[in-house]
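Summary of structural features
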Amino acid sequence: MTTYKGNAGNLMQHWTLCELVNIADEHVSGLNFIDAHAMAPLAFECPNPDSTFRGVRQGLLNGQSVYERAWHELALNGGYPNSANFVKHIWKREFAMLLCERRRVTVAAFDTWLSSVQSKPRCKRAKVFCGDWRARFDQGLPNPADLGLPPGSMTFLSFDPYKYDCNRLYNDPNREGRVNLGDLYRDDVERALVALGGVKDGIVIQLSTYSANNNPQADVLASVDSILAPGGFGLAAQVVFDDNMVSLVYARDVPDALETELKKLSKGFNQWSGLWRDPR
């Protein structure tokens, strides 16, 4: 049985993702969605959902946000959707998907869902890579035009690690102890930039991190900025839940109107989360 966390991090990450996709649908012609941490299309096992997550879930029937409506429609029989499921449900134009997932049991859960997605006329390609996302990124990432997507399409790259580590490198020959494959390291962001080398037109990156753990958000932001800014990316949104959880959105070569809308995500999340956030 595939699992999901059922915590405020899910709310922060997927509210941001759903709003981003809904906004982009108005400004770009196609979507090339790439997920480094795919998870199961619909997971049903949640050992210990927190109170904030349970509260939002209980109010889905009357939810007004794009995220709440999509969640309710995708999970009528329970469970929790992954990012790709949200994207497929919200995006109305032509799209392609590359989903990376290292757990074999989770990859197996994609079989029926992936066939359904591939059968849609607006789906140009949908693939699941079984293994660590780094191995797939080292092959280079697909360009929208090469997938049959129309000119003016956007690539949307999603990172959903446990945490972003400012202090270590994934490929550090002098490190002590093992790296956590579920974390994101500074040289991993550099790896992503190299992988995007052949990708044309607009690109948006969403990077969510859930635990400060010696990585304060100011340090995370400075670290990611120092890597992505030389690659032409600018910070479009910083969606914050608390001192631990933040979702960063970076953009390059996207339409000005889209970037303007992305800059409103932080305020929009604060307004939405104010409807259910514990005031204490």
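It should be emphasised that the depicted structure is a prediction, and the values quoted were computed from it without experimental measurement. (Residues numbered from 1 in each chain as written. Predicted model: local features only at pLDDT ≥ 70, side-chain atom pairs only at ≥ 80, totals over all residues. Heavy atoms only, no water.)

1. Things to note about the sheet that holds strand 10 (residues 234–240)
- An order of 5-4-1-6-9-11-10 is seen for the seven strands of this open sheet, with the pairing classed as mixed. Among the strands making up the open sheet, the edge pair consists of strand 5 (123–130) and strand 10. Mean inter-strand twist for the sheet, computed between neighbouring axes without regard to direction, equals 10 degrees.
- Where strand 6 (residues 154–159) meets strand 9 (residues 202–209), six bridges bridge the pair, whose relative direction is parallel. Looking at the pairing, Met154 lines up with Gly202 of strand 9.
- Where helix 11 (residues 265–273) meets the sheet, it contacts strand 10 and strand 11 (246–252), and its direction lies at approximately 10 degrees from that of strand 10. (Pairing = 2+ DSSP bridges. Helix = DSSP H or I, 4+ residues; strand = E, 2+ residues; numbered from the N terminus. Axes fitted to C-alpha atoms, helices over the stretch in contact; angles between N-to-C directions. Contact = heavy atoms within 4.5 Å.)

2. Some remarks on the environment of Trp276
- Note that Trp276 resides in the segment after helix 11.
- In sequence terms Trp276 and Gly59 are 217 residues apart; their C-alpha atoms lie 9.6 Å from each other.

3. Concerning the side chain of Asp35
- Among the secondary structure elements, Asp35 is positioned in strand 1 (residues 30–35).
- Within the buried core, Asp35 has no salt-bridge partner, and the shortest N-O distance to an opposite charge, that of Arg103, equals 11 Å.
- A distance of 3.0 Å separates a polar atom in the side chain of Asp35 from the backbone nitrogen of His37.
- Beyond its immediate stretch of four places on either side in the chain, Asp35 contacts Ser83, Leu98, Leu99, Cys100 and Ser158. (Buried < 20%, exposed > 50% of the residue type's maximum accessible area, 1.4 Å probe, protein only. Lys, Arg positive; Asp, Glu negative; His and termini not counted. Salt bridge = Lys/Arg side-chain N within 4 Å of Asp/Glu carboxyl O. Polar contact = N/O pair within 3.5 Å; in protein donor to acceptor, adjacent residues only side chain to side chain.)

Keep in mind these values describe shape, not function.
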